[in-house]
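Commentary on secondary and tertiary structure
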Amino acid sequence: MSVHTSELPAPGPAPAEARPAPAAPTRGAVRAGVALGLLAGCNAMILLDESMVQIALPGMAQGLALTPVDLGWVITAYLLAFGGLLLLGGRMGDLLGRRKVFLTGVALFTVAAALRAAVDSGDLLIAVRALQGVGSALAAPSALALLLSMFGEGRPRKRAIAVYTAVGAASTAGGLLLAGVFSSVGSWRWVLLLNVPLGLLILLLAPLVVEETRPTRGRFDLAGALVSTLGAVSLVFGLTRAAEHPWTDATVAGPAAAGLVLLLVFLAIERRAQQPIVVLRLFADRNRTGAYAGTFAVQGALIGTGFFLVQFFQQFAGYTPLGSAVALTPVAAAMILMSGAAVWLERRIGPRNLMLAGAVLLISSNVWLSRLTPDFGYAGSVLPALLLFGTGMAFCVVPPTILATSGLHTDEAGAASSVHNALQTVGASLGLAILVTVGTNAGRAAEQTVPAGAPPEAAMGHVFMESMTASFLAGAGFAAAAFIAALFIRPSGAAAARTSDS
């Protein structure tokens, strides 16, 4: 759907009596607003699913007898399929039509969300989660590319991105609360069905308000898609195996090394491909490259909070699923409030400074949470860290999205969207793998320091606390990497942004 949103030079103020009354929203504006809501709803559905799965993890572990490494794979299998196929999903949208691929992805995601509630084994659950990741890989890049085609450069697009981000944050809060309620009154299986109605609503309404884009002529870069997917899977598999085996073990070092080699081969393929799945000229822009690097690095600082705190609240602090959901909602509330502020601040201090500030907040919040003790007080020990965390998320998510999707040719929107989403998702899977590995190794070391004669529950709590502490410190390290990436963005980006908005 193409909506002209560029801003014309404003004439001088008209006399009060000559000023027309505010115009009612046109049919096209209403249609564009509904379309934006549905595209943001797709993003919300994907993020909502992540928060719901996090709440359901303890119930899954008990109902299906899953180990901590198995729980990691429930998340990682989805992220691998999602991140590994995102580049192909974005290219499919360009060649086949973005709305068509978007709706196909939403349908596949919704079907998989319904199927996983009926699984009776951990292996089947992981397989269905991977299938769900395929649906996300088709839907997410097309949704963002459709948004870019609807709103032109400058303030309209920035506001749309802020709405897109804020709706995602609101969905996270709503998902936590709904998942907590359903977990408290029913089964974790009920939680996994909550996304199905939203998927059906998008499938029903999107064809009415989201117009199809014109397919471009070309062919699929299947070699690039295959090699990039295998590379990401191999790398994360090796890192995940490190949670149970030494780094020198062949099942750890072998897949990790193979993954790195495959990713280098992928770059060579893309340099020579006539129609590459990744348009390498996107990386010629220094600001965009810095935004991509920051997007990739910051994921490891974000994913650990939900993964570890949910288990801590429910297994060691005595919270109910609903209680743990309520305890985590300040993260989403802060992100909702600060997403709009991030657009305002980005125009005044520039994306670089805003990202640097966000990275500092994420470092602080991860270090703060690493100091939690079993006798913590929520108001003094957890709430401030979560507010810092949510604000840091907004400051580290909105500016890179704006930078990554600015200054594009029409035929580059799909590629830029898929690269941005791929870096988010693969960064999250790698970050989770590293955090689980670091935490598991720290837990093993803590087993040697359990006080003699300690009750089993106390010993388990000691091991978990040491594991969680190490994981949050690793998350702070990821935030520090995002800080370094932001330094590569030109400070003049703020002035350029103001010029484009004037």
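Residues numbered from 1 in each chain as written. Predicted model: local features only at pLDDT ≥ 70, side-chain atom pairs only at ≥ 80, totals over all residues. Heavy atoms only, no water.

Looking only at helices and strands, the chain features 15 helices and 0 strands. Counting over 502 residues, the chain shows a buried share of 54%. Excluding contacts between residues fewer than 6 apart, the proportion of contacts in the chain whose partners are at least 24 apart in sequence is 85%. For the chain, the exposed area adds up to about 20,800 Å²; of that, 67% sits on carbon and sulfur atoms. (Helix = DSSP H or I, 4+ residues; strand = E, 2+ residues; numbered from the N terminus. Buried < 20%, exposed > 50% of the residue type's maximum accessible area, 1.4 Å probe, protein only. Contact = heavy atoms within 4.5 Å. Areas by Shrake-Rupley, 256 points an atom, 1.4 Å probe, with all protein chains shown as cover.)

In this section: the pattern of salt bridges. All told, the structure shown has 2 salt bridges when counted by the stated rule. Here Arg 116 and Asp 49 are joined by a salt bridge, their closest N and O atoms 2.4 Å apart. Taken together, the residues Arg 116 in helix α3 (residues 98–116) and Asp 49 in helix α1 (residues 27–64) connect sequence positions 67 residues apart. Residue Arg 116 is classed as buried on the basis of its relative accessible area, which comes to 1%. Owing to a relative accessible area of 0%, Asp 49 belongs among the buried residues under this scheme. (Salt bridge = Lys/Arg side-chain N within 4 Å of Asp/Glu carboxyl O.)

Taken together, the side chains of Leu 177, Val 181, Leu 322 and Val 326 define a hydrophobic patch exposed on the protein surface, amounting to about 270 Å² of accessible area. For the nonpolar patch, the secondary-structure elements that each account for two or more residues are α5 (155–185) and α11 (321–370). Secondary-structure assignment places Leu 177 in helix α5. The class for Leu 177 is partly exposed, based on a relative accessible area of 35%. (Patch = residues over 30% accessible without salt bridge, like charges linked within 9 Å, V, L, I, M, F, W, Y side chains within 5 Å.)

Looking now at the packing of aromatic side chains. The description of an aromatic ring pair uses the distance of the two centres, along with the angle that the planes make with each other. This model, assessed by the stated rule, comprises 8 aromatic pairs. With a centroid separation of 6.3 Å and an interplanar angle of 40°, the aromatic rings of Phe 313 and Phe 376 are classed as tilted. Placement of the pair is Phe 313 in helix α10 (residues 286–315) and Phe 376 in the loop between α11 and α12 (378–404), with a sequence separation of 63 residues. No difference in accessibility class separates Phe 313 from Phe 376, as the two residues are buried. (Phe/Tyr/Trp six-rings, centres within 6.5 Å; stacked < 30°, edge-to-face > 60°.)

For the chain, per-residue confidence averages 80 on the pLDDT scale, and 88% of positions sit at 70 or higher. The secondary structure element of the chain with the lowest average pLDDT is helix α15 (residues 493–501), at 43, and the one with the highest is α3, at 92. (pLDDT = per-residue confidence, 0-100.)

Between α10 and α12, the shortest axis-to-axis distance is 9 Å and the interhelical angle comes to 150°. The pairing of α10 with α12 is recorded here as roughly antiparallel in orientation. Considering only the axes of α10 and α12, their crossing is left-handed. Residues Asn 287, Arg 288, Ala 291, Tyr 292, Thr 295, Val 298, Ala 301, Leu 302, Thr 305, Leu 309 and Phe 313 of α10 touch α12, and the partners they reach there are Val 382, Leu 386, Phe 389, Met 393, Cys 396, Pro 400, Leu 403 and Ala 404. (Axes fitted to C-alpha atoms, helices over the stretch in contact; angles between N-to-C directions. Parallel < 35°, antiparallel > 145°, perpendicular 65-115°, else oblique. Left-handed = near helix turned anticlockwise from the far one by under 90°.)

Turning to the packing of helix α2 (residues 68–96) against α3, a few remarks are in order. The contact between α2 and α3 brings their axes to 8 Å, and the two run at 150°. Taken as axis vectors, α2 and α3 run roughly antiparallel relative to one another. Two secondary-structure elements touch here, α2 through Tyr 78, Gly 89, Met 92, Gly 93, Asp 94 and Leu 96 and α3 through Arg 98, Lys 100, Val 101 and Phe 109. Class assignment of the residues belonging to the contact of α2 with α3 gives a composition of 5 nonpolar, 2 polar and 3 charged. (Nonpolar A, V, L, I, M, F, W, Y, C, P; charged D, E, K, R; others polar.)

Looking now at the nonpolar core. In this structure, Met 60, Phe 102, Leu 147, Leu 309, Phe 312, Leu 372 and Met 468 are the most contacted members of the largest nonpolar core, which totals 133 residues. Tallying contributions element by element places α1 first for this core, with 18 residues. The contact partners of Met 468, leaving out residues within four places of it in the chain, are Phe 308, Leu 309, Phe 312 and Leu 372. Residues Met 355, Leu 356, Leu 403 and Ile 489 belong to the second largest nonpolar core, which totals 6 residues. (Core = buried A, V, L, I, M, F, W, Y, C linked by side-chain atoms within 4.5 Å.)

Here the focus is α2. In a regular helix each residue adds 1.5 Å, so 29 residues correspond to 42 Å; α2 covers 40 Å between its end C-alpha atoms and thus fits that length. At Leu 86, α2 is bent by approximately 50°, the largest bend along its length. Of all 29 residues making up α2, 24 are buried, and the element is well covered by its neighbours. The first or second residue beyond α2 is Gly 97, which carries a positive phi of 115°. (Expected span 1.5 Å × (residues − 1). Bend = angle between axes of the 7 residues up to and from the residue.)

Attention now goes to the environment of Gln 315. Tracing the backbone through its elements, the reader meets Gln 315 in helix α10. Between the C-alpha atoms of Gln 315 and Phe 464, which are 149 residues apart in sequence, the distance is 9.9 Å.

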